[in-house]
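Observations on the model geometry
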Amino acid sequence: MGFSKRGLWFAAIFAACGVVPAASADELSRATAGEMPTVRDRFEGLGIRSGQFWILPTLETGLFYDSNVFATSSGQRDDGGVYVAPNVAVRSDFGRHELNLRVGLEHYEYFDLSSQSRTDFDGEMDGRIDVRSDTVLLGGLKGGRFNQSPSDIEYPVLGNGEPGKYYTFDTWGSVNHEINRVSLSVGGAYKLFDYDAIPGTGLAPPIGQNFRDGDIVTVGGRVGYLVSPGYKVFGDFRYNWRDYDQATIVDSEGWRALAGVEFEITHLVTGELAAGYMEQTYDLPGSPTNGSLSYHGALAWNPTQLMTVRLDADRTIEDSTLDQTGRTQDSVKLAVDYEVLRTLIFSPSVGFSYNDYDNAVPDDTRYDAGANIEYRMNRFLSVGGRYKYTYDDNSGLPDWDRHLVGIYAKARY
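Quantities reported herein were computed from a predicted structural model and do not represent experimental measurements.

With respect to the overall build of the protein chain
What the protein chain contains, in helices and strands, is one helix and 19 strands. Residue burial in the protein chain is summarised as follows: out of 413 residues, 43% are buried. By sequence separation, contacts in the protein chain at least 24 residues apart represent 58% of the contacts at least 6 residues apart. When the accessible surface of the protein chain is split by element, carbon and sulfur atoms take 61% of a total near 20,400 Å².

Laid out in structure tokens, this is it:
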């Protein structure tokens, strides 16, 4: 697997400290709107009490239909199948401090295109240590094995072969301290990714992907000032090093600086908005520095006790297998959870992403829209349905679209 020497050094320090920093360059805060409670949280089971922990097991299974399995513009192949997804979460119930764990698995079995049947599994752990009333340590780790999707714009091949597998590992931590109206947060993060070869089909040999193996180290922090109850202005700075095992994806280092405001308006609107600048310098002779304006937004709005509206938006510089100087990515997602009845949740969402490549690689624009509806039959069992539509507009390739439809049953304890 693709550990660099610097990555090993940082990982060893993080492990020794017991916490690893709280935010990577594109993950500014784990307490923003994307992870705030929503009306959907009322659907959780009662759980099993064990000492100072709650154990929350779930099992979901269902049927699905995919109108364009390989995400192609012509010769589209559709198929259906079944899936099963067991999951176990563990949450602490301490007077102080906090520790949460989760492990899960998803298996998809296609009826006709058996080569696309896949199993993904992952796990995560995060925690909080209350050193004092004004000093908190946050940290965690997560990782798993996943199957690549042909709808990924960086997917190297088209065809009906078995999808390639990849592994990820993330760890992060931070020290957070408050002095009267001033808040300070300092930390960092480490991310590792390792790709297996894509299996061959017929006479076609496997396609190696070791060039995608690498790691990213990010360090930085945030300074905030409470200007009035519910409003805090802040400055956020992150510096990163990106190392790859092969020169196909060029090593680089860069930074992202943002200024913005955190707010909580009578518990109805909570989140943060920020804007700034970012740069990434690639170890490629004659290559210009990739720089751009940047923004970040994470909002949760509760217009009523029965509805939560969430908005997430970011502009970041991402590495690419197609362009050695990376790509600038804009992403926006709007989602709603609406409790139509006490036992019925309706969750529509829309999303948009734009990948701007610096060189001759065509830019890519993607639109997503969908909805989920879930009916709780009792406190242990729910049934529901999902729909997602994706339209991809690539400036140099034919467009494609895709419909994903599914029904499911979910058991909780």
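Brief notes about the nonpolar core
F64, V69, F70, Y83, Y108, Y110, L113 and Y408 form the largest nonpolar core, which has eight residues in total. With sequence-adjacent residues up to four places away left out, L113 is seen in contact with V69, F70, R77 and D79. Formed by six residues, the second largest nonpolar core is a distinct cluster that contains Y195, F211, Y244 and I249.

Regarding the pattern of salt bridges
In a structure, side chains of opposite charge can pair up when their charged atoms sit close to one another. Taken as a whole and judged by the stated rule, the model has 20 salt bridges. Among the salt bridges present, the one from D330 reaches R315, with a minimum N-O distance of 2.8 Å. In this pair, D330 is assigned in strand β15 (residues 327–341) and R315 in strand β14 (residues 307–318), connecting sequence segments 15 residues apart. D392 is the partner of R366 in a salt bridge, and the nearest nitrogen-oxygen pair spans 2.8 Å. Pair noted here: R366 is in strand β17 (residues 364–376) and D392 is in strand β18 (residues 381–394), with a separation of 26 residues, a long-range link.

Some words on the side chain of T316
Within the secondary structure, T316 sits in strand β14. By relative accessible area, which is 7% here, T316 ends up buried. Side-chain polar atoms of T316 contact the side chain of E318, separated by 2.6 Å.

A short note on the packing of aromatic side chains
In this description, a pair of aromatic rings is defined by centroid distance and the angle of the planes. Tallied over the full model, the rule gives 13 aromatic pairs. For the pair F193 and Y244, a centre-to-centre distance of 5.9 Å together with 45° between the ring planes defines the contact as tilted. Placement of F193 in strand β8 (residues 182–195) and of Y244 in strand β10 (residues 231–244) is noted, with a sequence separation of 51 residues between them. Pair check on accessibility: F193 and Y244 agree, each one buried. For the ring pair W255 and Y277, a centre distance of 6.0 Å and an interplane angle of 45° mean the geometry is tilted. A residue pair is termed long-range when its members are at least 10 positions apart, and W255 in strand β11 (residues 252–265) and Y277 in strand β12 (residues 269–282) qualify at 22 residues. Among the residues examined, W255 registers a relative accessible area of 25% and is labelled partly exposed.

Concerning the pairing of strand β4 (residues 98–110)
Each regular strand carries side chains that alternate between the two faces of the sheet. Where strand β3 (residues 79–92) lies against β4, nine bridges are found, and the strand directions are antiparallel. Note that in β4 the partner of N87 across the bridge is G104.

Section: a nonpolar patch on the surface
A contiguous nonpolar surface patch, about 480 Å² in accessible area, is contributed by L306, Y338, V340, L341, F346 and I373. Inspection of the secondary structure puts Y338 in strand β15.

Thoughts on the environment of F352
Positionally, F352 belongs in strand β16 (residues 344–357). Between the alpha carbons of F352 and D330 there is a distance of 7.9 Å; along the sequence they are 22 residues apart. Non-local contacts of F352, meaning those with residues more than four positions away in its chain, are made with D330, S331, V332, T365, R366 and Y367.

Some points on the pairing of strand β5 (residues 118–132)
Two strands pair when backbone bridges link them, and β4 and β5 are joined in this way by eleven bridges, in the antiparallel orientation. Paired with E106 across the bridge in β5 is D120. Strand direction decides the pairing type here: β5 and strand β6 (residues 135–147), joined by eleven bridges, are antiparallel. When the bridges of β6 are listed, F121 appears paired with R145. In sequence, β5 turns back onto β6 through a hairpin of two residues.

Quick look at the confidence of the model for the protein chain
Scored by pLDDT, the protein chain comes out at a mean of 86, with 86% of its residues at no less than 70. Note on residues 1–37: pLDDT under 50 across the span, and 93 contacts to partners over four residues away in sequence or across chains.

Considerations on unusual backbone geometry
You will see that H97, though not glycine, has its phi angle at about 70°, which is positive. Of note, H97 is situated in the loop between β3 and β4. Taking the relative accessible area as the measure of exposure, H97 reaches 32% and is therefore partly exposed. In this structure, N180 takes a positive phi of about 55° despite not being glycine. Take N180: it is sitting in the loop between β7 (165–179) and β8. With relative accessibility at 78%, the residue N180 sits in the exposed group.

Points about the environment of L226
In this fold, L226 is placed in strand β9 (residues 214–228). On the accessibility criterion, L226 (31% relative accessible area) is partly exposed. Residues L226 and F263, spaced 37 residues apart in sequence, show a C-alpha to C-alpha distance of 9.6 Å. In contact with L226, not counting residues within four places along its chain, are R181, Y231 and K232.

Reading the values: rules and limits
- Residues numbered from 1 in each chain as written.
- Predicted model: local features only at pLDDT ≥ 70, side-chain atom pairs only at ≥ 80, totals over all residues.
- Heavy atoms only, no water.
- Helix = DSSP H or I, 4+ residues; strand = E, 2+ residues; numbered from the N terminus.
- Buried < 20%, exposed > 50% of the residue type's maximum accessible area, 1.4 Å probe, protein only.
- Contact = heavy atoms within 4.5 Å.
- Areas by Shrake-Rupley, 256 points an atom, 1.4 Å probe, with all protein chains shown as cover.
- Core = buried A, V, L, I, M, F, W, Y, C linked by side-chain atoms within 4.5 Å.
- Salt bridge = Lys/Arg side-chain N within 4 Å of Asp/Glu carboxyl O.
- Polar contact = N/O pair within 3.5 Å; in protein donor to acceptor, adjacent residues only side chain to side chain.
- Phe/Tyr/Trp six-rings, centres within 6.5 Å; stacked < 30°, edge-to-face > 60°.
- Pairing = 2+ DSSP bridges.
- Patch = residues over 30% accessible without salt bridge, like charges linked within 9 Å, V, L, I, M, F, W, Y side chains within 5 Å.
- pLDDT = per-residue confidence, 0-100.

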